[in-house]
Amino acid sequence: MTSGPSSPLRGILLKCASVTVFTVMAALVKTTSAPEIGVPPGQQVFFRSIFAVPVILAWLVWRREWRGGLYSARPMGHVYRGLAGTAAMGFGFWALALLSLPEATAIGYASPLLVVVFAGMFLGEDVRAFRLGMVALGLCGVLIVLSPQLGAGAGDADPVRMLGAMVALTGAICTALAMIFVRKLVQVERTSAIVFWFSITASGLSLLTLPFGWVLPDLPTLALLVTTGLLGGVGQILLTSAYRHADASVVAPFDYVSMLLAVAIGWWFFAEVPGLPVIAGAAIVILAGIMIIWRERRLGLERAGQRKASTPQG
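Source: prediction; values computed, not measured. (Residues numbered from 1 in each chain as written. Predicted model: local features only at pLDDT ≥ 70, side-chain atom pairs only at ≥ 80, totals over all residues. Heavy atoms only, no water.)

**Some thoughts on the side chain of Ser 111**
Okay, so step 1: Along the polypeptide, Ser 111 turns up in helix H7 (residues 110–122).
Okay, so step 2: Within polar-contact distance, the side chain of Ser 111 engages the backbone oxygen of Gly 108 at 2.9 Å.
Okay, so step 3: When neighbours within four sequence positions are excluded, Ser 111 is seen to be in contact with Ala 172, Thr 175 and Ala 176. (Helix = DSSP H or I, 4+ residues; strand = E, 2+ residues; numbered from the N terminus. Polar contact = N/O pair within 3.5 Å; in protein donor to acceptor, adjacent residues only side chain to side chain. Contact = heavy atoms within 4.5 Å.)

Structure (structure tokens):
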């Protein structure tokens, strides 16, 4: 039996560590997608997925969850989650090749907002006016980030950057759909099984892109690709551990630390300086996301108080 959250500070630190690892991983993906290297997204997804598997297996052995940790009662649920998640990863990696790291990161923030909409559409969750209002505000922020790529206020839009914006937004939509499948899976499946079978499914699906032009990497590029997989596995373990130590409403806002890291890494390693629309739009999206989390936490505390008050005292 898994114990409840025990250390909010530890959970926050683990969350920040996972965000850092995933942002560094994205920077490595961006490096291998540079024109002089030219690793395609499908090949990047394969390495990111297959080399996460040994990390996850080692973690399961260490936690003594090897025997039952990989059992699945809903194999088709993993297939659907794998299809959406692999598409999300592929589009996300492709976007990193077409956009700056801060731009791709900011557009990716649309996914948790879209989860709210999809949860109402597909899971029957009660989505009230406040959450819809914050989703609308956040999507306005995404449009502000997208505006330079779509040529708003300029003469002609750059077709490459326009494609990048659409690819990044498609990736955010696929990520939101993947999270809906995860919400269904967590009701009957262990987290370890969800993480493991996604890595296996993504590895298999990414092989379907092999006929479309994988490259033979040199040793430095191969090392970078393998490292993306190892970092992906470590990041997933850190993320899972964060939610073991603190409530989701406590650690979720620290997702947005990735924007600061993306700006710093983009400036230092790729000479990318985000413009005002990216900064302003990202700030609006972050505000909307935090307001949704704050509202849900407040409602959760109110419901807990009502249950406590209605419980007969012995």
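There's plenty left to go through after this.
**Let's talk about unusual backbone geometry**
Okay, so step 1: Phi is positive for Ala 271, which is not a glycine, with a value near 55°.
Okay, so step 2: Considering the arrangement of structural elements, one finds Ala 271 in the loop between helix H13 (257–270) and helix H14 (276–310).
Okay, so step 3: Look at Ala 271 and you get exposed, because its relative accessible area is 66%. (Buried < 20%, exposed > 50% of the residue type's maximum accessible area, 1.4 Å probe, protein only.)

**Section: the nonpolar core**
Inside soluble globular proteins, nonpolar side chains tend to come together where they are buried.
Okay, so step 1: Core analysis: the largest hydrophobic core is formed by 33 residues, its most contacted members being Ala 106, Ile 107, Tyr 109, Leu 113, Met 259 and Ile 292.
Okay, so step 2: Looking at this core, the elements with two or more residues in it are helix H5 (75–98), helix H6 (101–108), H7, helix H8 (129–146), helix H9 (159–185) and H14.
Okay, so step 3: Looking at this core element by element, the count peaks at seven residues for H7.
Okay, so step 4: With 20 residues, the next largest nonpolar core counts Ala 26, Leu 28, Phe 198 and Leu 238 among its residues. (Core = buried A, V, L, I, M, F, W, Y, C linked by side-chain atoms within 4.5 Å.)

**Considering the layout of surface pockets**
Okay, so step 1: In this structure, the second largest pocket encloses a volume near 290 Å³.
Okay, so step 2: If you go around the second largest pocket, you meet 14 residues; those closest to its centre are Pro 41, Gly 42, Thr 86, Gly 90 and Thr 209.
Okay, so step 3: Looking at the lining of the second largest pocket, the elements with two or more residues in it are helix H2 (41–50), H5 and helix H10 (191–206).
Okay, so step 4: Of the residues forming the lining of the second largest pocket, the biggest block, five residues, is contributed by H5. (1 Å grid on protein atoms, 1.4 Å probe; cavity = no way out; pocket = protein on both sides within 12 Å on 5 of 7 lines; lining within 4 Å. Points joined across faces, edges and corners; volume = space filled by probe spheres on them.)

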